[in-house]
Amino acid sequence: MTGKECIMPADCCDAPALSGIDQVLPALLIQARVVGEVETVPITAALGRVLAESVTSSVSVPPADNSAMDGYAFAHDDLPGDGWLPVRQRICAGDPVTTLAQGTAARIFTGAWIPAGADTVIAQEQCDRNGDRVHFTAPARCGANIRRRGEDIASGDVVLKRGARLRPQELGVIATLGLGRVAVYRRLRVAVLSTGDELAQPGEPLPEGKIYDSNRMTLIGLLQTLDCEVIDLGCIRDDLEHTGEVLRTAARQADVIISSGGVSVGEEDYVKAAVQRQGEIILWRVAIKPGKPLAYGQVAGTAFFGVPGNPVAAFVTFCLILRPFLLRCQGAENVAPLVMHALADFDWPKAGKRREYARARMAPDEQGEYRVSLYPNQSSGALSSLTWANGLAIIAEGRTIRRGERVDVLPFSELLS
Ligand code: AMP
Ligand code: MG
């Protein structure tokens with residue numbers, strides 16, 4: 001790597017002081033290229049996609065004043081001293097708009113349009129009905145229980161901005177505007193491969209000396225949570241030529257390439273060298289634990305990430321760094337997960353040089369206060385720690401923690417969607 005290509009301040013790759021995630025992430029996000037193509041999809045197929053155009057309402061929601069209650073609609077000024085009104089109409093949700101006969105009340109149901117001439121609705125629980133007359137047992141404020149035309153969304157409002165990721169509620173809002181289709185960025189194509197001569201495939205017998213390839217499955221699942229189009233390039237041997245060939249294929253097909261393993265400093269780590277032959281490594285190593293030997297670069301112009309082989313490190317680097325990068329490539333504006341706070345149910349006596357992301361479980365205690373405990377085995381190979389945990393406790397570089405202190409925690413619910 002040459003100094004001019006490096007996106008990181010001062011010799012990030014060789015200096016003993018590694019760049020922290022607070023420097024690495026913004027620098028990477030600047031490099032993230034949003035997919036160019038836009039497509040219009042039915043709203044039933046748009047969950048998880050990113051809006052390519054802001055959505056402006058051409059209608060009012062609700063479209064007319066309507067009743068918020070099952071009850072009686074009337075004109076507040078018509079209310080006689082004895083509180084009794086004749087009931088002459090019955091208006092259900094979905095009925096065309098009507099006019100209230102003067103000096104009467106209309107039986108009305110939730111969602112029904114308010115008849116012209118009425119200005120107040122009283123809930124049926126506050127009424128006595130006697131034949132075709134109704135008596136109000138509680139005072140009614142003028143204008144009560146009416147949902148006003150356009151009070152939710154006014155015509156002309158920019159309801160959703162370009163770059164919004166479509167959750168069920170955004171789809172609901174688009175539907176309520178009457179739109180059946182929506183313009184979104186095309187799905188990001190991400191090629192995934194694992195590297196390692198020691199890897200056997202699940203479903204096959206395990207030869208001596210081998211372990212099963214778990215990272216590819218984890219990575220594919222993580223990509224599916226982001227609604228990426230996954231190109232599964234399988235598992236490849238620790239071999240420079242072969243790695244190079246597969247990377248070339250990946251670069252032709254994908255917007256982003258992710259490989260696992262082979263990015264450390266061992267003699268059998270060929271990935272960096274293979275990338276450098278047809279592109280460049282722009283960043284290598286981040287001051288986080290687990291996950292230090294993360295590599296970022298490009299292969300024939302296609303963005304490349306090499307995540308560490310250790311399964312927890314692969315998962316953590318994806319969640320912390322690749323996830324926001326990929327979201328940005330998808331066009332998403334907001335890529336930062338929310339952080340929770342909880343009280344430590346553990347001591348962390350030894351300050352570390354790198355920021356640690358410890359597998360953690362949060363749960364409320366009897367007082368409803370959230371406490372966080374740590375999985376006993378924090379090895380970056382202990383994959384089962386991730387199934388026990390519901391988040392990652394963030395332990396800042398240089399920090400020690402005493403039981404009862406507040407700790408930041410990244411909940412998995414924020415990272416896995
Ligand atoms: P590496 O980064 O290739 O040196 O691998 C570091 C550790 O992670 C080694 O113990 C590997 O066996 C293990 N590892 C690498 N790739 C995978 C994978 N796809 N699934 C599970 N473990 C892996
Ligand atoms: Mg390896």
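My aim in this report is to walk through the structure given alongside it, one point at a time. (Residues numbered from 1 in each chain as written. Chains lettered and ligands numbered in written order. Predicted model: local features only at pLDDT ≥ 70, side-chain atom pairs only at ≥ 80, totals over all residues. Heavy atoms only, no water.)

1. Things to note about the overall build of the protein
Quick reminder of the rule: Note on conventions: DSSP H or I runs of at least 4 residues are helices, E runs of at least 2 residues are strands, and numbering of each starts at the N terminus. Radius of gyration means the value over C-alpha atoms here, while the globule rule gives 2.2 Å times the residue count to the 0.38 power. We call a residue buried when its accessible area falls under 20% of the maximum for its residue type, exposed when it is over 50%, and partly exposed in between, using a 1.4 Å probe and counting protein chains only. Every residue pair with non-hydrogen atoms within 4.5 Å of one another is taken to be in contact. Per-residue and other accessible areas follow the Shrake-Rupley method at a 1.4 Å probe size, with only the shown protein chains counted as cover for residues. Counting rule for charge: Lys and Arg are taken as positive, Asp and Glu as negative, and neither His nor the chain ends is counted. We put the charge of a Lys on NZ, of an Arg on CZ, of an Asp on CG and of a Glu on CD.
For the protein, the helix and strand inventory stands at eight helices and 26 strands. What you see for the protein is a C-alpha radius of gyration of 30 Å, clearly larger than the 22 Å of a compact globule of 417 residues, by over 25%. Viewed in the frame of its principal axes, the protein has a C-alpha envelope of about 95 × 50 × 50 Å. The 417 residues of the protein split such that 48% are buried. By sequence separation, contacts in the protein at least 24 residues apart represent 69% of the contacts at least 6 residues apart. Entry remark: accessible area of the protein is about 19,800 Å², with carbon and sulfur atoms responsible for 50%. Each charge class in the protein can be summarised by its mean position, and for the 43 positive and 49 negative side chains these summaries are 1 Å apart.

2. Focus on the layout of surface pockets
Let me state the cut-off plainly: Residues are said to line a cavity or pocket when one of their atoms sits within 4 Å of a point; the points come from a 1 Å grid over protein atoms alone, cavities being sets where a 1.4 Å probe fits but cannot get out and pockets being open sets with protein on both sides within 12 Å along at least five of seven lines. Grid points are joined across faces, edges and corners, and a volume is the space filled by probe spheres set on the points. By the convention adopted, Pro, Cys, Tyr, Trp, Phe, Met, Ile, Leu, Val and Ala count as nonpolar, Lys, Arg, Asp and Glu as charged, and the other residues, Gly among them, as polar. Note that the domain bounds reflect an automated or database-derived domain assignment.
Of the pockets and cavities examined, the largest pocket occupies roughly 550 Å³. Taken together, the elements giving at least two residues each to the lining of the largest pocket come down to α6 (311-329) and α8 (412-415). Among the residues forming the lining of the largest pocket, the class breakdown is 11 nonpolar, six polar and seven charged. Composition of the lining of the largest pocket by domain shows at least three residues from each of domain 1 (3-37 + 187-329) and domain 2 (39-60 + 151-185). By volume, the second largest pocket amounts to about 470 Å³.

3. Points about the site of ligand 1
Note the cut-off: Only heavy atoms are used to decide nearness, and a residue is near a molecule or strand if one of them lies within 4 Å of it. By the criterion applied in these results, polar contacts are pairs of N or O atoms within 3.5 Å in which, for protein atoms, one can donate a hydrogen and the other can accept it, and in which residues neighboring in sequence qualify only through two side-chain atoms. Grid points define the cavity or pocket, and a molecule sits in it when more than half of its atoms lie within 2 Å of them.
In the vicinity of ligand 1 there are 16 residues, among which Glu 198, Asp 213, Ser 214, Gly 262 and Gly 309 approach most closely. Residue Asn 215 places a main-chain N or O atom 3.3 Å away from a nitrogen atom belonging to ligand 1. Gly 262 has a polar backbone atom sitting 2.9 Å from an oxygen atom of ligand 1. Contact with the protein chains covers 77% of the free accessible surface of ligand 1, which is 480 Å². Among the detected pockets, ligand 1 sits in the second largest pocket. Breaking the shell around ligand 1 down by element, the ones donating at least two residues are β13 (189-195) and β15 (211-212). Grouping the amino acids of the shell around ligand 1 by side-chain chemistry returns four nonpolar, nine polar and three charged.

4. Describing the nonpolar core
What counts, and what does not: Side-chain atoms within 4.5 Å are what join buried Ala, Val, Leu, Ile, Met, Phe, Trp, Tyr and Cys residues into a set we call a nonpolar core.
Core analysis: the biggest nonpolar cluster contains 53 residues, and Val 256, Ile 258, Ile 321, Phe 325 and Leu 326 have the highest contact counts within it. Ranked by residues supplied to this core, first place goes to α6 with 13 residues. Beyond its immediate stretch of four places on either side in the chain, Val 256 contacts Leu 188, Arg 189, Val 190, Ala 191, Thr 302, Ala 303, Phe 305, Phe 325, Leu 326 and Cys 329. Counting residues in hydrophobic clusters, the runner-up holds 19 residues, among them Ile 231, Ala 254, Trp 284 and Val 299.

5. With respect to the sheet that holds β13
This is how it is decided: In this description, strands pair whenever DSSP reports at least two bridges between them. A fitted line through C-alpha atoms represents every axis, and for helices the fit uses only the stretch in contact; the resulting angles, taken between N-to-C directions, go from 0 to 180 degrees.
One open sheet holds the six strands; their spatial order is β16-β13-β17-β21-β20-β18, and the pairing between them is mixed. The open sheet is flanked by β16 (229-236) and β18 (279-284), the only strands paired with a single partner. Between one strand and the next, the sheet's axes are offset by a mean angle of 20°, whatever the strand orientation. Here β13 runs beside β16; their pairing, made up of six bridges, is parallel. Bridging from a neighbouring strand, Arg 189 pairs with Glu 229 of β16. Relative to β18, helix α5 (residues 271-278) is tilted by about 130°, and along the sheet it contacts β13, β17 (256-260), β18, β20 (295-299) and β21 (302-307).

6. Let's talk about the environment of Trp 84
Tracing the chain through its elements places Trp 84 in strand β5 (residues 84-91). With residues near it in sequence (within four places) discarded, Trp 84 still touches Asp 128, Asn 130, Arg 133, Val 134 and His 135.

7. Some words on empty space enclosed by the protein
Evaluation of the coordinates by the stated rule reveals one cavity of 30 Å³ or more. Reported here for the largest cavity is a volume of approximately 50 Å³. Lining the largest cavity are Gly 48, Arg 49, Val 50, Tyr 185, Arg 186, Arg 187, Leu 188, Leu 226, Asp 227 and Gln 330. Looking at the lining of the largest cavity, you find at least three residues from each of domain 1 (3-37 + 187-329) and domain 2 (39-60 + 151-185).

Such coordinate-based values are descriptive only and should not be taken to indicate function.
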